[in-house]
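# Summary of structural features
Residues per chain are reported as follows:
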Amino acid sequence: MNKKKIGFIGLGIMGKPMAKNLLKAGYPLVVHDVDPRPVEELVKSGAEKADSPREVAKRTDVIIAMLPDSADVEQVILAERGVLEGARPGSTIIDMSSIAPLVSRKIFAEAEKKGVEVLDAPVSGGEPAAIQGTLAIMVGGKDKVFDECLDLLRVMGKSVVRVGEVGAGQVTKLANQIIVALNIEALSEAFVLAVKAGVDPDLVYKAIRGGLAGSNVLDAKMNMILDGNFKPGFRIRLHQKDLKNALLTATQLDVPLPITSMVQQILGALVNEGKGELDHSAIATFTEGLAKVKVRRRTKPD
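Thresholds, definitions, all that
- Residues numbered from 1 in each chain as written.
- Predicted model: local features only at pLDDT ≥ 70, side-chain atom pairs only at ≥ 80, totals over all residues.
- Heavy atoms only, no water.
- Helix = DSSP H or I, 4+ residues; strand = E, 2+ residues; numbered from the N terminus.
- Rg over C-alpha atoms; globule rule 2.2 N^0.38 Å.
- Buried < 20%, exposed > 50% of the residue type's maximum accessible area, 1.4 Å probe, protein only.
- Contact = heavy atoms within 4.5 Å.
- Lys, Arg positive; Asp, Glu negative; His and termini not counted.
- Charge placed at Lys NZ, Arg CZ, Asp CG, Glu CD.
- Arc of directions from axis to C-beta.
- Axes fitted to C-alpha atoms, helices over the stretch in contact; angles between N-to-C directions.
- Left-handed = near helix turned anticlockwise from the far one by under 90°.
- Nonpolar A, V, L, I, M, F, W, Y, C, P; charged D, E, K, R; others polar.
- Phe/Tyr/Trp six-rings, centres within 6.5 Å; stacked < 30°, edge-to-face > 60°.
- Lys NZ or Arg CZ within 6 Å of the ring centre and 35° of its normal.
- Expected span 1.5 Å × (residues − 1).
- Salt bridge = Lys/Arg side-chain N within 4 Å of Asp/Glu carboxyl O.
- Right-handed = clockwise from strand over helix to strand, strands pointing away.
- Pairing = 2+ DSSP bridges.
- Core = buried A, V, L, I, M, F, W, Y, C linked by side-chain atoms within 4.5 Å.

## Some remarks on the overall build of the protein
Tallying secondary structure elements over the protein gives 14 helices and nine strands in all. Relative to a compact globule of 302 residues, whose C-alpha radius of gyration would be 19 Å, the protein shows 20 Å and is just as compact. Its C-alpha atoms give the protein principal-axis dimensions of about 65 × 45 × 35 Å. A total of 302 residues make up the protein; the buried ones form 52% of that total. In the protein, 67% of the contacts between residues at least 6 apart in sequence involve partners at least 24 apart. On the protein, the mean spot of the 40 positive side-chain charges and the mean spot of the 37 negative ones are 4 Å from each other.

If you want it as structure tokens, here you go:
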């Protein structure tokens, strides 16, 4: 069976490995990014290059966007030379960016006027899962469109769940980002306390990871903190953006999020310190700074 031609816009830390996995799976791919370097890398791997989002849409059946924030998605899809200028009736836009739910619904309304389908499908798992094709993908949109795109999404994710209509995917991602941010801050405070009390943090990690305090967040981020390795898999500034969208949505729905608000302030402080490009595991450095200790490995890992 011939596979649909896919357009991919946004080849950053997450988008580039996701696009590569589509190529490996045999999907014909047309790519675009404001940075020419990942575009050329994908072209060498077999993709075709497009000079604008409109051109991507003209040449493909399904257009995937993986962009930093709401304004970027609106620009790429709705603005002049954007996706909707080139998209044909019957084509599908899959926005895998993490943005405000209201923006997803706005894009859906505009696309519907042209007979273009839309899924919002934000992801979780960071760069390692993007590389391995094991992302968790939270999808909002019509059942029929979801079913048509399921095989494509499964190339990039091991968990692909439709959670409701357009916008529901983004709401689910906001819930995910609240849980992740608060988990990282919780483990930061716990391990700073342990270090200040003179206990080896690596041994604390080994002792608690199999109990109720164990989590994917603990396993994914604790070794980075212990090694002082904050190479970005998911940047602090992007997590700050996600919590901003969560708080904005909560305000619209009259939902108090007191602890999320506090962690958002921590992220803002770290951005102001010039740490916005670091991995969000560097949230730990905020509490380290307050306590004047560092949570670092004393013994070699097994």
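## A closer look at helix α14 (residues 284-291)
For α14, every residue scored as buried is listed here: A284, T285, T287, E288 and A291. The buried residues of α14 occupy one face: seen down the axis, they fall within an arc of 160°. Of the surrounding elements, those touching the buried residues of α14 are α9 (168-196), α11 (216-227) and α13 (258-272). Downstream of α14 by one or two residues, K292 has phi in the positive range, about 60°.

## Section: unusual backbone geometry
Most of the time, phi is negative for any residue but glycine, and the peptide bond is trans. Positioned with a positive phi, R81 is a non-glycine residue whose angle comes to about 65°. Look at R81 and you get partly exposed, because its relative accessible area is 37%. One non-glycine residue, D254, lies in the positive phi region at around 55°. Within the secondary structure, D254 is located in the loop between α12 (236-252) and α13. The class for D254 is exposed, based on a relative accessible area of 71%.

## Some remarks on the environment of S97
Looking at where S97 falls in the secondary structure, it is placed in the loop between β5 (92-95) and α6 (101-113). Separated by 34 residues in the primary sequence, S97 and I131 place their C-alpha atoms 16 Å from one another. Not counting residues up to four positions away in its chain, the partners in contact with S97 are A65, M66, L67, V73, P122 and Q170.

## Considerations on the packing of α12 against α13
Orientation of α12 relative to α13, taken along the N-to-C sense of each, is 145°, at an axis distance of 9 Å. Pair α12 / α13 crosses with left-handed handedness. Contacts between α12 and α13 involve I236, R237, H239, Q240, L243, K244 and L247 from the first element and T260, S261, V263, Q264, L267, G268, L270 and V271 from the second. Per-class residue counts for the contact of α12 with α13 are seven nonpolar, six polar and two charged.

## Quick notes on the packing of aromatic side chains
Overall, the coordinates contain zero aromatic pairs when judged by the stated rule. Lying over the aromatic face of Y27, K3 brings its terminal NZ or CZ to 4.8 Å of the ring centre.

## A few points about α11
With 12 residues, α11 should cover 16 Å at 1.5 Å per step; its first-to-last C-alpha distance of 18 Å lies within 8% of that length. Among all positions in α11, only V217, L218, K221, M222, M224, I225 and L226 are buried. Buried residues along α11 sit in contact with α9, α10 (201-208) and α14. Once α11 finishes, G228 follows within two positions and takes phi at roughly 60°, a positive value.

## With respect to the pattern of salt bridges
Under the counting rule described, the total for this entry stands at 26 salt bridges. Among the ionic pairs, K144 bridges to E148, the shortest N-O distance being 2.7 Å. Pair noted here: K144 and E148 are both in helix α8 (residues 143-156), with a separation of four residues, about one helical turn. Each of K5, E48, E55 and R59 takes part in one network of salt bridges that share partners.

## Remarks on the pairing of strand β1 (residues 6-9)
Covered by surrounding structure in β1 are I6 and F8 together with G7 and I9, the residues of both alternating faces. Each parallel crossover has a hand, and the one from β1 via helix α1 (residues 15-24) to strand β2 (residues 29-32) is right-handed. Here four bridges tie β1 to strand β4 (residues 62-65), and the two strands are oriented parallel to one another. When the sheet's bridge partners are listed, I9 is paired in β4 with A65.

## Observations concerning the nonpolar core
Core analysis: the largest hydrophobic core is formed by 35 residues, its most contacted members being F8, M18, L29, I64, I94, M96 and I137. Counting only elements with at least two residues in this core, the list comes to β1, α1, β2, α2 (36-44), β4, α7 (126-132), β8 (135-140) and α8. Among the elements that make up this core, the one with the highest residue count is α8 (seven residues). Setting aside residues no more than four positions away along its own chain, I137 makes contact with M96, A121, P122, V123, L153, M156, G157, S159, V160 and V161.

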